[in-house]
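Topology and contacts: notes
Chain residues, written in single-letter form:
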Amino acid sequence: MCHLWHVSGSSCSHTGAKKVDCNTAPNSTTKKGKRIPAFRFASWNVRTMCPGLSEDLTQFNDSRKTAIINNKLSRLDVDIAALQETRLPASGSLREQGYTFFWQGRDPEEPRQHGVGFAIRNSLLSMIEPPSNGSERILSIRLFTASGLVHLLSIYAPTLCSPHEDKDQSYEELHNIISSIPNTEHLFLLGDFNARVGADHDSWLSCLGRFGIGRMNENGQRLLELCTYHNLCITNSFFHTKPCHQVSWRHPRSRHWHQLDLIVTRQASLNSVQITRSFCSGAAQWRSG
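None of the values given here were measured: they were computed from a predicted structure.

1. Section: the pairing of strand β2 (residues 39–45)
Extensive coverage of β2 is indicated by the burial of 7 of its 7 residues. Side chains of β2 alternate between two faces, with Phe39, Phe41, Ser43 and Asn45 and Arg40, Ala42 and Trp44 buried alike. Bridging between β2 and strand β3 (residues 80–84) involves 5 bridges; their strand directions are parallel. In the strand pairing of β3, Trp44 is matched with Leu83.

Structure follows, in structure tokens:
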């Protein structure tokens, strides 16, 4: 199953911008009643990007994973996708027909684990500052729009059974990155947080909406505490969607469905998010400005 999320909606005028017809926010139109073009952002745990790529990235075959991801994102009309568990070593980039892939992984001599990246629509490359100085857990890019700078973070957080030291290190890194971004600039955290944030809206009024699901676990508490400190919110929990659009991962033993893949933004930007949902396909629509 594809753990995929979309975010759409930006008022910036960019080549190839499309209108979004689904579940727009109350302020998603201008005073003249014209709908504002929307970005579609996504987060997708791809499990691996290795198949079909050799150590020499100029040598690849038609069954390569990047081409498959390219075609899927193109069908869903995604503009920028944050990717997790890429499992590619070091850092690099690769241009496909519709998207250019950027990634950051572990050192080449280390096991092929974790890894994060982005797939960016080729027509938007002129608006992007390529990623730099990332880690195998967090990679960020900057998107320059007519309404301001947008920071996008691709995040693959440690699993529930990971050592506490790994969790502490990952969340400290995330805290430092968020702290370095001015509050006046847009921020979206897109990723597989391996966290269940639950549905206790009353206890987490500032960051959790009324449409959360399940029970909070330890990783979920870590994430909610981070959101509370930085005035962030879990956009997934603010939109009433069908049950099948509220979950992204099924536990292999209990067979219960959970939501581990989340889109997080500043509380001040929540009104610009039009819809957040998961699919085998999942979406959140965002409008800047």
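2. With respect to the packing of aromatic side chains
Inspection of every chain in the model, using the stated rule, returns 2 aromatic pairs. Considering the side-chain rings of Phe41 and Phe188, the 5.9 Å spacing of their centres and the 65 degrees angle between planes classify their relative orientation as edge-to-face. A residue pair is termed long-range when its members are at least 10 positions apart, and Phe41 in strand β2 and Phe188 in strand β10 (residues 186–192) qualify at 147 residues. Residue classification places Phe188 among the buried residues on the basis of a relative accessible area of 0%. Among the aromatic residues, ring-to-ring pairing joins Phe39, Phe41 and Phe188 into one connected group.

3. With respect to the pairing of strand β4 (residues 91–95)
Bridging between β4 and strand β5 (residues 99–104) involves 5 bridges; their strand directions are antiparallel. Residue pairing in the sheet places Leu94 in a bridge with Phe101 of β5. Linking β4 to β5, which pair antiparallel, is a turn of 3 residues.

4. Description of the sheet that holds strand β14 (residues 261–266)
As a general point, the strands of a sheet are linked pairwise by backbone hydrogen bonds and lie either parallel or antiparallel. Pairing is mixed in the open sheet, where 6 strands are placed in the order β7-β8-β9-β10-β14-β11. In this open sheet, the two strands that pair with only one neighbour each are β7 (128–129) and β11 (232–234). Against the sheet, helix α2 (residues 164–179) contacts β8 (138–145), β9 (148–156), β10 and β11, and its axis sits at roughly 20 degrees relative to β8. In the packing of helix α3 (residues 218–230) onto the sheet, the strands contacted are β11 and β14, and the crossing angle to β11 comes to about 140 degrees.

Each value, and the rule that gives it
Residues numbered from 1 in each chain as written. Predicted model: local features only at pLDDT ≥ 70, side-chain atom pairs only at ≥ 80, totals over all residues. Heavy atoms only, no water. Buried < 20%, exposed > 50% of the residue type's maximum accessible area, 1.4 Å probe, protein only. Helix = DSSP H or I, 4+ residues; strand = E, 2+ residues; numbered from the N terminus. Pairing = 2+ DSSP bridges. Phe/Tyr/Trp six-rings, centres within 6.5 Å; stacked < 30°, edge-to-face > 60°. Contact = heavy atoms within 4.5 Å. Axes fitted to C-alpha atoms, helices over the stretch in contact; angles between N-to-C directions.

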